[in-house]
Amino acid sequence: MTATLQYSLPVLVIGIIAILFAAWLARDVMSRDTGTPAMRDVSDRIFEGALAYLRRQYGTIARIAVLVAIVIGVLVALFEQDFARGLITSLAFLAGAVLSGLSGFIGMYVAVRSNIRTASAARRNLGEALLVALRGGAVSGFLVVSLGLLGVLALYWIVYNFASGGELPAIAEAPFWIVGFAFGASFVALFAQLGGGIYTKAADVGADRVGKVEAGIPEDDPRNPAVIADLVGDNVGDCAGRGADLFESSVAEMIGAMILGAALFTAAGGDPTGPEVGFLFFPLVVAAFGLICSMVGVLLVRPTDTIRDPMAELNKGYYAVAALSVVFIVIATFWLLPYGKWQYALCGVIGVATSLAFVYITQYYTAGNFRPVRSIMAASETGAATNIISGLSVGFETTGMPAITIAISLLASYFLGNTVAFPNEPGILGSPGIFGTAVATMGMLMSAGYILAMDTFGPITDNAGGIVEMSNQPDSVRDVTDALDSAGNTTKALTKGYAVGTAALAAFLLFSAFLQEVDRFGIAKYGPGKINASIVNLADPKVFVGGLLGAMLVFVFASLAIRAVGRAAQGMIEEVRRQFRENPGIMKGTVKPDYASCVDISVRASLREMVPPGVLAVAVPVLVGVILRWEAAAGMLMVGTIAGVLLANVLNNGGGAWDNAKKMIEAGELKNAAGQILGKGSEAHAASVVGDTVGDPFKDTAGPSLHVLIKLLATITLVLSPLFI
């Protein structure tokens, strides 16, 4: 058996096992009780709304994606004077787009069907409800990672037959031909996250503003016309959107690491039949091993009927995944890599530790039992203005520890990797240190399957609480779903922090791959020595301007996303007010509100508003590269990534802190100087609702979309690098 088959077979087998495992989880969840007719009625409304939205959203994305695929294929064929490569890039783009959309759609489908079963299980005990919600979320997690893994492997073997004739053997040339797959995944992820975020927050802001603040009715009250749209939005934003986000993270990381591995393949000897092939397949094998770790983590979560802390149960599984990831990445390095076994093993351990650090940092800034959220709660006593000032302060503060964590991870893994000696000189762009940072990124992404399961757990439990509330279940059932919802809010915040960290490391990895592509094409076009892609001089005006435009893009993109929520929410607020005003029977509970009109407002607004920021994100890097050339594109990537990572932390963690401050006040955790509880209906609560409303588009629209933007900048410049030289 050749080395390529020896390393490909485990990836194929584990990927298929992961899909079968997801199918088993889905069957287990679907076989459970669906509750009362009233509960099923609410669940069916959510299901219909979510499917209707996704059909329209993916139809819009598909039309744009086909156009972009044609343009990219033509450009690559013209500038590289290679029709086969242009066609393959175009088809790879479409394959990435299709698999990204498919993984998000299937995961959301199961999640929406899991909410009713979680709500029904909550009538019995907390442990069963937690198990149903986690397994329902895990379906999405395993489909996302396994489809990305199998997609990259299949595309590699298809392209392998066409990639001969380059400066490298076909086995090492093929990864350069499939970067369009990562671009297609990023493209769909951007629109899925943007559209879903706009949808969910338009409904959420409208429901909270009119229902909770003006009408004084509880959250998820069936009298609120926007409540179904709000529950639908949880799924299309946090399930489909986040699934597409982590799909493109894993795909981009695998392809970028394979490109860097091609340089070390050459440095190690360049024999297509030798052990140096391990550098090319190492990213795929590590991702496959990560699926095994995540499967074990999910199976270890078997709560008893009388658990007290749902988050503690979920953490048990995550800690098991992290521990197993350390073991498996060490196994992978010693099995596949002929050089630097222990150095790269330590780089992988650094990546696993980085993922743990991001989880803890995010928990510190967003959980209710720590100083940041407590400070926002205290500020709410003096009104909405001080609440917002305190929340913004917390958001800006959250950039500190993540930046230091990323810095330590990158520097430590780079210097460790740079101690590895190779028989041939790999050059700066293919340096062992850069590959060390890639291994750290792989270590961080090994837990992606379990992390996404925890993320999807959030909207499932949120929906379950809404179903319980709207179907008038006893308070004891609502207590169970409230406990799950509280844990779900924490898991959603944690996964956003994790996504920012992976985006930062993956973007650095892709930036290195971009420079390597520039070097390759520069030699092919002008000969050796004409282009020195190892140096990006910030004192060069073109590089400085490129960096300035990259930072500008991040802030303008975030502005457009937040403004889109504001405009969409205005229409929702007006509609809810109209229904309350024209039909007094709604508030009396004698007449059902018109839920469908609010769902339609969110659908139309999200599809309309997602296009301008999406077009901006694609157009700016192309124009910068074409007009100012590769140096400016490199500056844009560097500075844009830095600005994007920092701003994403501000928006995600600031919004999460505002949200949990409100929930802690609603739970009666805030007392005044006299010891009186300032809970629901108090001025402090009203101020916290305003802060939460401000934070909603931060944490659920603009912030998560920035994760995708960071990687989209890298993938689009990587694909179109021949145009910029």
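Residues numbered from 1 in each chain as written. Predicted model: local features only at pLDDT ≥ 70, side-chain atom pairs only at ≥ 80, totals over all residues. Heavy atoms only, no water.

Caption draft 1: Broad picture of the overall build of the protein chain. For the protein chain, the helix and strand inventory stands at 21 helices and zero strands. For a compact globule of 725 residues, the expected C-alpha radius of gyration is about 27 Å, and the protein chain comes in at 25 Å, within 12% of that figure. Reported as C-alpha extents along the three principal axes, the dimensions of the protein chain are approximately 80 × 50 × 45 Å. Sequence separation of 24 or more characterises 85% of the internal contacts of the protein chain that already satisfy a separation of 6 or more. When the accessible surface of the protein chain is split by element, carbon and sulfur atoms take 65% of a total near 23,400 Å². If the 47 positive side-chain charges of the protein chain are averaged to one point and the 54 negative ones to another, these points end up 3 Å apart. (Helix = DSSP H or I, 4+ residues; strand = E, 2+ residues; numbered from the N terminus. Rg over C-alpha atoms; globule rule 2.2 N^0.38 Å. Contact = heavy atoms within 4.5 Å. Areas by Shrake-Rupley, 256 points an atom, 1.4 Å probe, with all protein chains shown as cover. Lys, Arg positive; Asp, Glu negative; His and termini not counted. Charge placed at Lys NZ, Arg CZ, Asp CG, Glu CD.)

Caption draft 2: Focus on the nonpolar core. Formed by 253 residues in total, the largest nonpolar core has its most connected members in Y344, F435 and F514. Among the elements that make up this core, the one with the highest residue count is helix α7 (residues 227-267) (22 residues). Ignoring any residue separated from it by four or fewer positions in sequence, one finds F514 in contact with W630, A633, A634, L637, T717, L718, S721 and F724. (Core = buried A, V, L, I, M, F, W, Y, C linked by side-chain atoms within 4.5 Å. Buried < 20%, exposed > 50% of the residue type's maximum accessible area, 1.4 Å probe, protein only.)

Caption draft 3: Seen up close, the pattern of salt bridges. All chains considered together, the criterion is met by 20 salt bridges. A salt bridge links R123 to D33; its shortest N-O distance comes to 3.1 Å. Pair noted here: R123 is in the loop between α3 (83-121) and α4 (126-160) and D33 is in the loop between α1 (3-30) and α2 (37-80), with a separation of 90 residues, a long-range link. Looking at R123, the relative accessible area reads 35%, which means it is partly exposed. A relative accessible area of 35% places D33 in the partly exposed class. The partner of R124 in a salt bridge is E128, with the nearest N and O atoms 3.0 Å apart. Among the ionic contacts, a cluster of salt bridges with common partners joins D28, R32, D33, R123, R124, E128 and R135. (Salt bridge = Lys/Arg side-chain N within 4 Å of Asp/Glu carboxyl O.)

Caption draft 4: Region of the structure containing the side chain of T481. Structurally, the position occupied by T481 is in helix α16 (residues 475-526). Given the relative accessible area of 1%, T481 is considered buried. A distance of 3.0 Å separates the side chain of T481 from the backbone oxygen of R478, its partner in a polar contact. In this structure T481 touches A122, A464, G465 and V468, once residues within four positions along its chain are discounted. (Polar contact = N/O pair within 3.5 Å; in protein donor to acceptor, adjacent residues only side chain to side chain.)

Caption draft 5: Seen up close, the environment of W335. Along the chain, W335 falls in helix α9 (residues 310-336). A C-alpha to C-alpha distance of 9.7 Å links W335 and P275, two positions 60 residues apart in sequence. What W335 contacts, discounting residues up to four positions off in sequence, is Q6, Y7, P10, V285 and F289.

Caption draft 6: How the structure looks around the packing of helix α17 (residues 541-582) against helix α19 (residues 595-609). In contact at an axis separation of 10 Å, α17 and α19 are set at 165° when each is read in the N-to-C sense. When the axis of α17 is compared with that of α19, the two are roughly antiparallel. Seen along the crossing, α17 lies across α19 with a hand that is right-handed. On the side of α17, the interface is formed by A564, R567, A568, G571, M572, E575, V576 and Q579, while α19 contributes S597, C598, I601, S602, A605 and E609. (Axes fitted to C-alpha atoms, helices over the stretch in contact; angles between N-to-C directions. Parallel < 35°, antiparallel > 145°, perpendicular 65-115°, else oblique. Left-handed = near helix turned anticlockwise from the far one by under 90°.)

Caption draft 7: A look at the packing of aromatic side chains. What the rule picks out here adds up to 21 aromatic pairs. Pairing Y339 with F422 gives two aromatic rings, centres 5.3 Å apart and planes at 45°, and the pair type is tilted. Residue Y339 is located in the loop between α9 and α10 (341-366), and its partner F422 is located in the loop between α13 (400-417) and α14 (432-445); the two are separated by 83 residues in the primary sequence. Measuring from centroid to centroid gives 5.3 Å for Y344 and F435, while their planes differ by 85°, and the two rings are edge-to-face. Here Y344 is found in helix α10, whereas its partner F435 is found in helix α14, with 91 residues between them in sequence. Grouping residues by exposure puts Y344 and F435 together as buried. The rings of Y7, Y156, W157, Y160, F281 and W335 are connected pair by pair, giving a single aromatic cluster. (Phe/Tyr/Trp six-rings, centres within 6.5 Å; stacked < 30°, edge-to-face > 60°.)

Caption draft 8: Main features of the state of the cysteines. For the structure shown, the criterion picks out zero disulfides. Of all cysteine sulfurs in the structure, the one in C347 sits closest to C293, which takes part in no disulfide; the separation is 18 Å. We classify C293 as buried; its relative accessible area is 0%. When its relative accessible area of 0% is taken as the criterion, C347 is described as buried. (Disulfide = S-S within 2.5 Å.)

Caption draft 9: Structural view of the packing of α9 against helix α15 (residues 448-470). The geometry of α9 relative to α15 is characterised by a closest axis approach of 10 Å and an angle of 165° between their N-to-C directions. Looking at the two axes, α9 sits roughly antiparallel to α15. Taken as a pair, α9 and α15 cross one another with a handedness that is left-handed. Across the interface between the two elements, M311, L314, G317, Y318 and V321 of α9 pack against Y450, I451, M454 and F457 of α15. Tallied by class, the residues present in the contact of α9 with α15 amount to eight nonpolar, one polar and no charged. (Nonpolar A, V, L, I, M, F, W, Y, C, P; charged D, E, K, R; others polar.)

Caption draft 10: Representation of the environment of A97 within the structure. Here A97 lies in helix α3. Put simply, A97 and S186 are 89 residues apart on the chain and 7.9 Å apart in space, counted from C-alpha to C-alpha.

Caption draft 11: Here's a closer look at a nonpolar patch on the surface. On the surface, a nonpolar cluster with roughly 480 Å² of combined accessible area is contributed by V66, I70, V74, L78 and F79. Within the secondary structure, I70 is located in helix α2. (Patch = residues over 30% accessible without salt bridge, like charges linked within 9 Å, V, L, I, M, F, W, Y side chains within 5 Å.)

Caption draft 12: Focus on unusual backbone geometry. The backbone of N472 shows a phi angle near 55°, a positive value even though the residue is not glycine. Looking at the element boundaries, N472 is found in the loop between α15 and α16. A positive phi angle is found at R629, which is not glycine, with a value near 75°. Along the chain, the position of R629 falls in helix α20 (residues 611-666). The partly exposed category is assigned to R629, whose relative accessible area is 27%.

Caption draft 13: Fine view of the side chain of S355. Looking at the element boundaries, S355 is found in helix α10. Taking the relative accessible area as the measure of exposure, S355 reaches 2% and is therefore buried.

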